Amino acid sequence: MREREKQAETDDQVKLKPFLGIKAGIWLTGLYSLILLAALFLLLVYPGLRNPGAVLSIKTEPEGAAIRVNGIYMGTSGSGSGIFVSKGQKTIEAVLPGFESQSAFHEIPGRVFGSLFFPLRYQIEFNLKTRSPSDAFARSAADFAAWTFGGEPTAVWQIPLSLSEGAYRIGPEHDPASKEILNAASRFTVTRAALRDLVRAKFLMDSGGLSASAANLAGSVTDILHFLSESPNSAEWLSDLLPPETAVIVRNSDWYKNTVKTDAAIQQNTSETRRMSAGELLANERKIAGLSFINFANNGFMISVNPVPGSLYKTFLNENPEFDNAAQNEIFPKAMYEKEDITGVTWYAAQAFCNWLTENLPSSMADMEARLPTESEWEYAAGYEDEIINMRNTGWEWCLDPYAPLPFFSASQKAIQAVGSPERTLKRKQLSASSPTRASLPPDFSSPYVTFRPVISRRNP
């Protein structure tokens, strides 16, 4: 038995021969050492030799600025992971819409040893300034307005906090115009996510982009309550956005009941304002450039009795063929121009027609311009529909105004234009008690159900 065990041990042994006269134990140890050194070189030294550089930790105030290295976009500030930049002389630039860009020249160092696991870190700071905080905030408000057309977010689809992020960015530099822009942005608050963003923006603006104090919070809440009490239809708007259990409390409150009664009274008083008689209007009817216009002298504008006929629009296209494709697509044949009213026209094409009409006004109207009607002008003229103005069964009509879902929130015209809208307003005569009279489309869209009529007024300086 012992002889068999000894024989088995002998059979399992592997004996290496000497290499170049060097004993096996020595040259094998050397081979392992070389492999280990090669691995350490590839992991600890080679990355630093092949691509030396540093990871830039760039901080900007405010955060979120685009970072460019030698003119190439590399990421945003505050992203957390840092930006790797190769060794050498580099121009680092921070760019944020609405703020003055800043750049600096840096000699980026490099480290050879251990750069793969422990990269060299290089810190850079920028303090971005804006000459016009309201202009910077208007960019964020415009993005906020655009996102509200996407509907209520879901668990798999979220929208950015554009408005409150803009309020944070301008910080303590906000001016009175910024507050007007916040009012204009409130006209797009049609989802719960937008309402949260609006309230957050209000608190950040009042606290200068910093943590709110008790006094700031009290002031913000007071302003919000005043805003709701002074804005018609705000009670119904708020109750529609709140969760059902909270909305019930609002609808049962005295504030809600009294506000609804007040809003109805305001609408009644508005509808009873002084109207011009049919005789007064007919006496002021004028034929201008192939269209009949009714002059609302007390309101400072005249409006076309009918939408633009296809024959006159065809004359415009003959002189401006670049708008031919903009006025139709494959579902609108050329015969559309022979129809009584032109349809399938984009907002841009309709406005171009008005510009063309301005050039064809008589010399006595040199200080006047043709344009699309504002929503309020269209509504005023619609009050005479049964008497003079043809607004029944004409379909939807383009208006000049950027579309806001909640027009009852008041804001300055300058702020409204600064925020803008990705869509333009459409109006039509109410056909039944439940039919809508207001809608919107992107300005580069057309529809066989959309037409337009121009107005003429004094030039807007």
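The numbering scheme is per chain: residues are counted from 1 as the chain's sequence reads. With the structure being a predicted model, the display of local features is reserved for residues of pLDDT at least 70 and the display and counting of side-chain atom pairs for 80 or more, all residues being used for whole-chain, interface and lining totals. Hydrogens and water are ignored here; the side-chain numbers use all heavy atoms of the structure.

Quick word on the pattern of salt bridges
Rules: Salt bridges, as used here, are contacts in which a Lys or Arg side-chain nitrogen is within 4 Å of a carboxyl oxygen on Asp or Glu. Put simply, DSSP H or I for four residues or longer makes a helix, DSSP E for two residues or longer makes a strand, and each gets a number counted from the N terminus. Exposure categories follow from relative accessible area, calculated using a 1.4 Å probe and restricted to protein chains: below 20% of the type maximum is buried, above 50% is exposed, and the middle band is partly exposed.
Counting across every chain of the model gives eleven salt bridges. Across the pair R251 and D240 runs a salt bridge, and its minimum N-O distance is 3.2 Å. With a gap of eleven residues between them, R251 in helix α9 (residues 244-251) and D240 in helix α8 (residues 234-241) connect regions that are remote in the sequence. A salt bridge links K427 to E379, with the nearest nitrogen and oxygen atoms 2.9 Å apart. Placement of K427 in strand β13 (residues 424-427) and of E379 in helix α14 (residues 375-382) is noted, with a sequence separation of 48 residues between them. Classification of K427 by relative accessible area gives buried; the value is 3%. In this structure E379 comes out as partly exposed when scored by relative accessible area, which is 42%. Each of E375, E379, K427 and R438 takes part in salt bridges that share partners, so that together they form one network.

What to know about the packing of aromatic side chains
To keep it simple, the criterion reads: Only Phe, Tyr and Trp rings are paired, with Trp represented by its six-membered ring, and only when their centres lie within 6.5 Å; those with planes under 30 degrees apart are stacked, over 60 edge-to-face, the remainder tilted.
Within the structure shown, the criterion is met by 18 aromatic pairs. Considering the side-chain rings of Y313 and F452, the 6.3 Å spacing of their centres and the 75 degrees angle between planes classify their relative orientation as edge-to-face. Of this pair, Y313 sits in helix α12 (residues 310-319) while F452 sits in the loop between β15 (450-451) and β16 (455-458), and the two are 139 residues apart along the sequence. We classify F452 as buried; its relative accessible area is 0%. Here F316 and F323 contribute two aromatic rings whose centre-to-centre distance is 5.9 Å and whose plane-to-plane angle is 35 degrees, an arrangement assigned as tilted.

Brief notes about the sheet that holds strand β10 (residues 301-304)
The test is simple: Note on pairing: two strands pair once DSSP finds at least 2 bridges between them. Axes, fitted as lines to C-alpha atoms, cover a helix only where it is in contact. Angles between the N-to-C directions of the axes lie from 0 to 180 degrees. Contact definition: two residues touch when any of their heavy atoms are within 4.5 Å.
Spatially, five strands are ordered β8-β9-β10-β16-β11 in an open sheet, and the strand pairing comes out antiparallel. Of all the strands in the sheet, just β8 (286-288) and β11 (368-371) have a single pairing partner and so form its edges. In this sheet, neighbouring strand axes are inclined to one another by 35 degrees on average, regardless of whether the strands run parallel or antiparallel. Examined bridge by bridge, strand β9 (residues 291-296) and β10 share four bridges and lie antiparallel to one another. Bridging across to β10, F293 finds its partner in S304. Where helix α13 (residues 347-359) meets the sheet, it contacts β9 and β11, and its direction lies at approximately 155 degrees from that of β11.

Focus on the confidence of the model for the protein
So the rule is basically this: The predictor's confidence in any single residue is recorded as pLDDT, a number from 0 to 100.
On average, residues of the protein carry a pLDDT of 83, and 85% of them reach 70 or more. Throughout residues 270-274 the model reports pLDDT below 50, and contacts reaching past four residues in sequence, or to other chains, amount to three contacts.

Thoughts on a nonpolar patch on the surface
Let me state the cut-off plainly: Residues enter patches when they are more than 30% accessible in relative terms and free of salt bridges; like-charged ones are connected within 9 Å and nonpolar ones (Val, Leu, Ile, Met, Phe, Trp, Tyr) within 5 Å. All accessibility values rest on the Shrake-Rupley procedure with a 1.4 Å probe; residue burial counts only the protein chains present in the view.
Among the surface-exposed residues, F41, L42, Y46, L49 and V112 lie close enough to one another that they form a single nonpolar patch of about 460 Å² accessible area. Relative to the helices and strands, L42 resides in helix α2 (residues 24-50).

What to know about unusual backbone geometry
Residue P62 is reached from E61 by a cis peptide bond, and omega for that bond is 5 degrees. With respect to the element layout, P62 can be found in the loop between β1 (53-61) and β2 (66-69). With phi around 55 degrees, N70 is a residue other than glycine that occupies positive phi space. Checked against the element boundaries, N70 lands in the loop between β2 and β3 (72-76). For N70, a relative accessible area of 43% gives the class partly exposed. The phi dihedral of A289 falls on the positive side, at around 50 degrees, and the residue is not glycine. Relative to the helices and strands, A289 is located in the loop between β8 and β9.

Side note on the nonpolar core
How we decide: We call a set of buried Ala, Val, Leu, Ile, Met, Phe, Trp, Tyr and Cys residues a nonpolar core when their side-chain atoms join them within 4.5 Å.
Ranked by size, the top nonpolar core spans 39 residues in total, and within it I58, I92, F137 and L163 carry the most contacts. Each residue touching I58, except ones within four places of it in the same chain, is listed here: I67, S77, G78, I83, I92, I124 and F126. Ranked by size, the runner-up nonpolar core spans 31 residues in total, among them F293, I342, L372 and L441.

Things to note about the sheet that holds β2
Read across the sheet, four strands follow the order β3-β2-β5-β6 without closing on themselves; strand pairing throughout is antiparallel. Either end of the sheet is taken by a strand with one partner, and the two such strands are β3 and β6 (102-108). Shown here is a sheet whose adjacent strand axes are inclined to one another by a mean of 30 degrees, direction ignored. Taken together, the seven bridges between strand β5 (residues 88-95) and β6 define a ladder with antiparallel strand orientation. Its bridge partner lying in β6, G88 is registered against I108.

Digging into the layout of surface pockets
Applied cut-off: Grid points spaced at 1 Å and placed over the protein atoms alone form the basis of the search, with a cavity being a set where a 1.4 Å probe fits but cannot get out and a pocket an open set showing protein on both sides within 12 Å along at least five of seven lines. Lining residues have an atom within 4 Å of a point. Grid points are joined across faces, edges and corners, and a volume is the space filled by probe spheres set on the points.
What the second largest pocket holds in volume is close to 590 Å³. Lining the second largest pocket are 22 residues; nearest its centre among them are K202, D223, I224, F227 and L228. Elements with a minimum of two residues in the lining of the second largest pocket: α5 (176-185), α6 (192-206), α7 (214-230) and α8. Considering each element in turn, the lining of the second largest pocket owes the most residues, eight residues, to α7.

Quick look at α5
Rules: This arc is built from the directions going out from the helix axis to the C-beta atoms.
Burial in α5 covers these residues: S178, I181, L182, A184 and A185. Mapping the buried residues of α5 onto a view down its axis gives an arc of 160 degrees, with all of them on the same face. Elements in contact with the buried residues of α5: α3 (133-147), α4 (162-170), α6 and α15 (413-419).

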